[in-house]
Amino acid sequence: MPRKKPFSVKQKKKQLQERRERKRQGLPDGVRSSSHSRSGSHDRYEEQTDTSDSESFTLQVRKINQQPALWKAGEPGYNPNRFRLHLEKESREEIERRKKVMQEKIVELTPEAELEVDIVDIYKPGSVLDFPKRSPWNYTMTKEQLLVQEEKAFREYLEKIYSTFDPVKLSYFEHNLETWRQLWRVLEMSDIVLLITDIRHPVIHFSPALYDYVTREMKRNIILVLNKIDLAPPSLVAAWKHYFEQKFPQLHILCFTSYPQEKPGETDPSAVFQKRRRRRRVKTMAVGPKQLLKACENITQGKVDLTSWKEKMERDAANTQHEDLTDEEDEEDAVLVEHQTDSAMEMCAPVDELYKDGILTVGCVGFPNVGKSSLINGLVGKKVVSVSRTPGHTKYFQTYFLTPTVKLCDCPGLIFPSLVDRQQQILAGIYPIAQIQEPYTSVGYLATRIPVPKLLKLRHPNMEEDRSGEQAEAKFTAWDICEAWAEKRGYKTAKAARNDVYRAANSILRLSVDGRLCLCMRPPGYTVQKVDWQQHAATLEIAALQEAHRQQSKQSSEDEDEISSSDQEDDEKDHDADEEEEEEEEEGGEGGDVSKGHKGAFLSKNKFALLQNDEC
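Residues numbered from 1 in each chain as written. Predicted model: local features only at pLDDT ≥ 70, side-chain atom pairs only at ≥ 80, totals over all residues. Heavy atoms only, no water.

## What about the nonpolar core?
Counting 136 residues, the largest nonpolar core has Ile223 and Phe244 as its most contacted members. Discounting residues that sit within four places of it in the chain, Ile223 has contacts with Ile192, Val193, Leu194, Leu195, His252, Leu254, Leu292, Ala295, Cys296 and Ile299. (Core = buried A, V, L, I, M, F, W, Y, C linked by side-chain atoms within 4.5 Å. Buried < 20%, exposed > 50% of the residue type's maximum accessible area, 1.4 Å probe, protein only. Contact = heavy atoms within 4.5 Å.)

## Brief notes about helix α13 (residues 440-447)
In an α-helix, one turn spans 3.6 residues, which is why side chains three or four residues apart end up on the same side. Of all the 8 residues making up α13, 8 are buried; the element is thus mostly covered by neighbouring parts of the structure. Listed as buried for α13 are Tyr440, Thr441, Ser442, Val443, Gly444, Tyr445, Leu446 and Ala447. Looking at the buried residues of α13, the elements they touch are α2 (92-104), α12 (422-427), α14 (452-456), α16 (478-489) and α17 (501-514). (Helix = DSSP H or I, 4+ residues; strand = E, 2+ residues; numbered from the N terminus.)

## Side note on the packing of aromatic side chains
Tallied over the entire structure, the rule returns 18 aromatic pairs. Arranged with centres 5.5 Å apart and planes meeting at 85°, the rings of Phe131 and Tyr213 form a pair that is edge-to-face. Placement of the pair is Phe131 in the loop between α3 (119-123) and α4 (143-164) and Tyr213 in helix α6 (residues 208-217), with a sequence separation of 82 residues. Judged on exposure class, the residue Phe131 and its partner Tyr213 are both buried. Each ring, one from Phe131 and one from Phe416, has its centre 5.7 Å from the other, and the planes form 70°; the classification is edge-to-face. One end of the pair, Phe131, is in the loop between α3 and α4; the other, Phe416, is in the loop between β10 (406-410) and α12, with 285 residues separating them in the sequence. These aromatic residues form a ring-pair network of at least three members: Phe206, Tyr211, Trp240, Tyr243, Phe244 and Phe248. For Arg422, the ring lying beneath its charged end belongs to Tyr172, and the centroid distance is 4.7 Å. Taking NZ or CZ as reference, Arg449 lies 3.6 Å from the ring centre of Tyr445, over its face. (Phe/Tyr/Trp six-rings, centres within 6.5 Å; stacked < 30°, edge-to-face > 60°. Lys NZ or Arg CZ within 6 Å of the ring centre and 35° of its normal.)

## Considerations on α17
Helix length check: α17 (14 residues) gives 20 Å between terminal C-alpha atoms against 20 Å at 1.5 Å per residue, within 8%. Most of α17 sits out of view: 12 of its 14 residues are buried. Within α17 the residues assigned to the buried category are Val501, Ala504, Ala505, Asn506, Ser507, Ile508, Leu509, Arg510, Leu511, Ser512, Val513 and Asp514. Gly515 lies just past α17 and shows a positive phi near 100°. (Expected span 1.5 Å × (residues − 1).)

## A word on the pattern of salt bridges
Tallied over the full model, the rule gives 17 salt bridges. The partner of Glu94 in a salt bridge is Arg98, and the shortest N-O contact between them spans 3.7 Å. In this pair, Glu94 and Arg98 are both assigned in helix α2, 4 residues apart and thus about one turn of the helix distant. In this structure Glu94 comes out as partly exposed when scored by relative accessible area, which is 28%. As a salt-bridge pair, Lys247 and Asp118 come within 4.0 Å of each other at their nearest N and O atoms. In this pair, Lys247 sits in helix α7 (residues 234-247) while Asp118 sits in the loop between α2 and α3, placing the two residues 129 residues apart along the sequence. What you see here is one network of salt bridges that share partners, running through Arg134, Glu150, Glu178, Arg181, Arg185 and Glu188. (Salt bridge = Lys/Arg side-chain N within 4 Å of Asp/Glu carboxyl O.)

Below, the structure written as C-alpha cells:
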C-alpha cells in the first residue's frame, strides 16, 4: 500500500477555505475558486489580467477590500466585490528588497524645500497619463456590445500607459473599469463638478486631464475644494489657493473642513498624546458651506432657485445654539437618499440641458479618503452617509437631495495615474493601510520629512534608557522607529512576544493619515516666500474664517460631558481598518440615515483630528 502524502495543518486550513468559498459562490465540487488568499479576487477577472489582445502585455493586479458574497433576494448574480479597488501588484522580491533597505538605511531629515512639488512633474499634462473615457456608442448597439467595446478600449488605455512609462515610476492607479464607469455617470449627470482635494497633498489629488475634460469638452464649471484646511497652517492654504488660481484660471476655489478644531497651532511633540473628547449628538458646523453656496450662485446666475439652500443653512446655524436635537427636528430635515448601483451601466447619453427641471446637480469627485462623504455630511449638517478612513468605503455613486432644488452626487474615490511616489500616496491615504504588504518604506519616507522620533518621543531600541544624552543624538532607521514605537505601545507578536514592528508601522501610518503626524506638501517657491505668505491678506482672511467657526464649535460644545477614563483607554487602542469599518456600519451603514437610530447615538467621529485633540 503506497504511503500517504504528508498533509500539513496549513494545507488543511487552505482546503477548508477554498471549500467554503466554493460553497459561497455556488460552484460545484472540483471547481477551484479564483481566490487562494484573503485578498484574492472573487470577480470574473483572474488574478493575472491580460490587458491586451496580444500575449505580450500582462499585468499583475491586486484586488483590495474583499466583501462577503451575500446573495440578495431578487438580484441574481449580485457581486459585492464588483467595485473593489484594483491596484498593481508588487512582486515579492521587490517587497523583500525594500524591507531590507529600511532595516539598514539611516533616516535623515531633508530640507523643507524638498517638500515643494509641482503638478507638471507629477501628471505631465498632455501625456498618456490621462483617464479612460466612455467609448462612443449609438442606440443600435446592445448592452453586451457596449461592454465589450468599453473593455477593449480600457485594455488599450492601460497598455498605452505601461508601454510609455516604466512601471516602477508609475503611481498606484485604478485598474477597475467598473469604478471608472461610476465616474462617467457622475460627470454626465452633473451641472457643476466639485473636485475635492486634501490640503496636505492637493497636487496629488488634482488631475489636469479631468480639469481639461470638464471645462473644454463637457463645457461644465468645476469647483476645487481644498478640504481639511484645519490640518495645515493658514499661510500654506493661501499659497496653494494662489497656486491653483494661477495654473488653472477657470477654477472656482474654496476652502472647506467638516471638523473645525478648537486650537490652532503648529505641530507640538506633546500634542500627539493629548486626550480627546467625544461630543454628543449636535449639529455640525462645517467651514465652507457658505462659500460653496456663493460659488454656485455665481455660476448659475439665477437660473436655479437656491433660496431653499440658503434658508436651510440659516436653520442649521440657529439649531447649533441648541444643546441637543430632537427626533422631530431630524424628521423635518430628512434627506432623500437614492442608491445608484447599476445606473453607470445604463446606455444613456450625456445630459446637454443644464439645470434640468430646475434642479442643480453637484457631482462630488476626487481621490479616495479626501473627504467627499464628510463634505456631504458637512453640507447637510448631519450624518446622511457613512464615512471611513479606509479608502474605497464608498462603493458606488449615490445622490442626496440637499433641498428640493439642489442634488448632491457622491462618486466613489478614483486614483488617477501619475508619477508621484507610491509612499507619498500611502501617506495621502489612498491605499488601505491594513493591506499594505511592506509599510516600512512609507514610514521611512515620512521620517525623512518630519521628525517622527521626536514627535512620538521614541527611545532607540539599541540604547539603554538612562543614557538620555545619547538618545538625543541617536540615529534611527525606519525599522528602528517601528520597533521603538512597538515597544512604547506594547505591540507584541502572539507566539514569541517579540516587538510587532508591522503593527507599529501601520499605527504610525494611521497617525499620518489622520493628521496627528501631519505632513504637508508645499507649492513651488513657498519656502523662500514663507514669511510673505504668513503676512498675506489671504492668510489673515483664512485664519479669521477658521477662528470664527472654531468659536462657534466651542460654544456649541461647552456643556458636553467628557468620557470616562476607562472609555478613553478603550478609544486609545489601535483598531484594524476592518474593525473600524464595522463600527461605522453600525452607526449608520452605507448611505444610512442616523435619524432612525437612538437619540443618544453620536452624530459622527472626528477622523481628521489635529494633533492637539487626539491621543495615539
